[in-house]
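Results of the structural survey
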Amino acid sequence: QVQLVESGGGLVQPGGSLRLSCTASGSIVSINAMGWYRQAPGKQRELVGSIRRGSTTIYADSVKGRFTISRDNAKNTVYLQMDSLKPEDTAVYFCNAAILRGGYSYYNQYWGQGTQVTVSS
């Protein structure tokens, strides 16, 4: 069994900052890419950013220069530092990871339960 647990969401004013965390636990052998997606009401889920085990990162154009993704491999944790937040960043943010479980020979995708981020004055 593998679980991804997110934390750090909440309400913030425009221009403010939040830091999301996501920790994977369970029978984990290895984690490849970890990332963050978001889904606003009435919209499709979209990639915010991802980071490979070797620290290569990609970001959606809408968050470049404002969001920073990082990871701590020893803690199986990925972070999303969100600065200069805008109302259009309001969404449920989901953690995603490609995980190799014990007893398996391939990586599977796992998702967290989501954490609400609301940017409003």
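Conventions used here
Residues numbered from 1 in each chain as written. Predicted model: local features only at pLDDT ≥ 70, side-chain atom pairs only at ≥ 80, totals over all residues. Heavy atoms only, no water. Salt bridge = Lys/Arg side-chain N within 4 Å of Asp/Glu carboxyl O. Buried < 20%, exposed > 50% of the residue type's maximum accessible area, 1.4 Å probe, protein only. Core = buried A, V, L, I, M, F, W, Y, C linked by side-chain atoms within 4.5 Å. Helix = DSSP H or I, 4+ residues; strand = E, 2+ residues; numbered from the N terminus. Disulfide = S-S within 2.5 Å. Pairing = 2+ DSSP bridges. Axes fitted to C-alpha atoms, helices over the stretch in contact; angles between N-to-C directions. Phe/Tyr/Trp six-rings, centres within 6.5 Å; stacked < 30°, edge-to-face > 60°.

Once that is clear, we can look at the pattern of salt bridges. Considering all chains together, one arrives at four salt bridges under this definition. For R38, the salt bridge is made with E46, and the minimal N-O distance between the two is 2.7 Å. Using a relative accessible area of 35% as the deciding quantity, one classes E46 as partly exposed. Residue D61 pairs with K64 through a salt bridge whose shortest N-O separation is 3.1 Å. Here the salt bridges share partners, and the residues they tie into one network are R38, E46, R66 and D89.

Moving on to the nonpolar core. By size, the foremost hydrophobic cluster in this structure holds 29 residues, and its most contacted members are W36, L80, M82 and Y93. Counting only elements with at least two residues in this core, the list comes to β1 (2–7), β3 (18–26), β4 (28–39), β5 (46–51), β7 (67–72), β8 (77–82), β9 (91–101) and β11 (115–119).

Next up on the list: the state of the cysteines. According to the stated counting rule, one finds one disulfide in the structure shown. Each sulfur in the disulfide pair C22 and C95 lies 2.1 Å from the other. Linking C22 and C95, the disulfide has an S-S dihedral of approximately -80 degrees and is accordingly described as left-handed. Within this pair, whereas C22 is found in strand β3, its partner C95 is found in strand β9, the two being separated by 73 residues in sequence. Judged by relative accessible area, C95 falls into the buried class, the value being 0%.

An order of β1-β3-β8-β7 is seen for the four strands of this open sheet, with the pairing classed as antiparallel. Edge strands, defined here as strands with exactly one partner in the open sheet, are β1 and β7. Across the sheet, the axes of successive neighbouring strands diverge by a mean angle of 15 degrees, strand direction being ignored. As paired strands, β7 and β8 are joined by six bridges and run antiparallel to one another.

What the rule picks out here adds up to two aromatic pairs. Judged by centre distance (5.0 Å) and plane angle (65 degrees), the rings of Y37 and W111 are edge-to-face. Placement of Y37 in strand β4 and of W111 in strand β10 (residues 107–111) is noted, with a sequence separation of 74 residues between them. Residue class for Y37 comes out partly exposed when judged on its relative accessible area of 24%.

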